[in-house]
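# Commentary on secondary and tertiary structure
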Amino acid sequence: MTIPVIPAARTAQHLAARAATVCGLAHPLTRLLLAAAATAAAQAWEAGHRVTDIHPAHPERNHGG
């Protein structure tokens with residue numbers, strides 16, 4: 001069974017961010033989830049997706065200054 005890489009990467013990153021907020025960066029659970037998020041992002045990249053596929057730009061944000 002193949003896991004869709006974009007939803008998996010988004011979920012892994014969301015869980016890692018929540019763990020970092022709740023437990024802190026040094027907590028073993030946070031480190032485990034960060035590793036899972038990095039692996040999921042790498043799998044998405046290897047499948048041919050760009051970073052913007054995982055993190056689409058928000059038109060209401062002005063990144064140019």
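Residues numbered from 1 in each chain as written. Predicted model: local features only at pLDDT ≥ 70, side-chain atom pairs only at ≥ 80, totals over all residues. Heavy atoms only, no water.

### So, helix α1 (residues 5-23)
Spanning 19 residues, α1 covers 26 Å between terminal C-alpha atoms, matching the ideal 27 Å at 1.5 Å per step. All of the buried residues along α1 are Ile6, Ala9, Ala12, Ala16 and Ala19. Relative to the axis of α1, the buried residues are bounded by an arc of 165 degrees and lie together on one face. Away from its buried face by more than 90 degrees, α1 exposes Arg18, Thr21 and Val22. Note on α1: the residue one or two positions beyond its end, Gly24, has a positive phi of about 100 degrees. (Helix = DSSP H or I, 4+ residues; strand = E, 2+ residues; numbered from the N terminus. Expected span 1.5 Å × (residues − 1). Buried < 20%, exposed > 50% of the residue type's maximum accessible area, 1.4 Å probe, protein only. Arc of directions from axis to C-beta.)

### Remarks on helix α2 (residues 28-46)
End to end, α2 covers 27 Å across 19 residues, agreeing with the expected 27 Å (1.5 Å per residue, within 8%). Among the residues of α2, those classed as buried are Thr30, Ala37, Ala40 and Ala44. With its buried residues spanning 90 degrees around the axis, α2 presents them on a single face. Looking at α2, the residues exposed on the side facing more than 90 degrees away from the buried face are Pro28, Arg31, Leu32, Trp45 and Glu46. Positive phi appears at Gly48, one or two residues downstream of α2, with a value of about 100 degrees.

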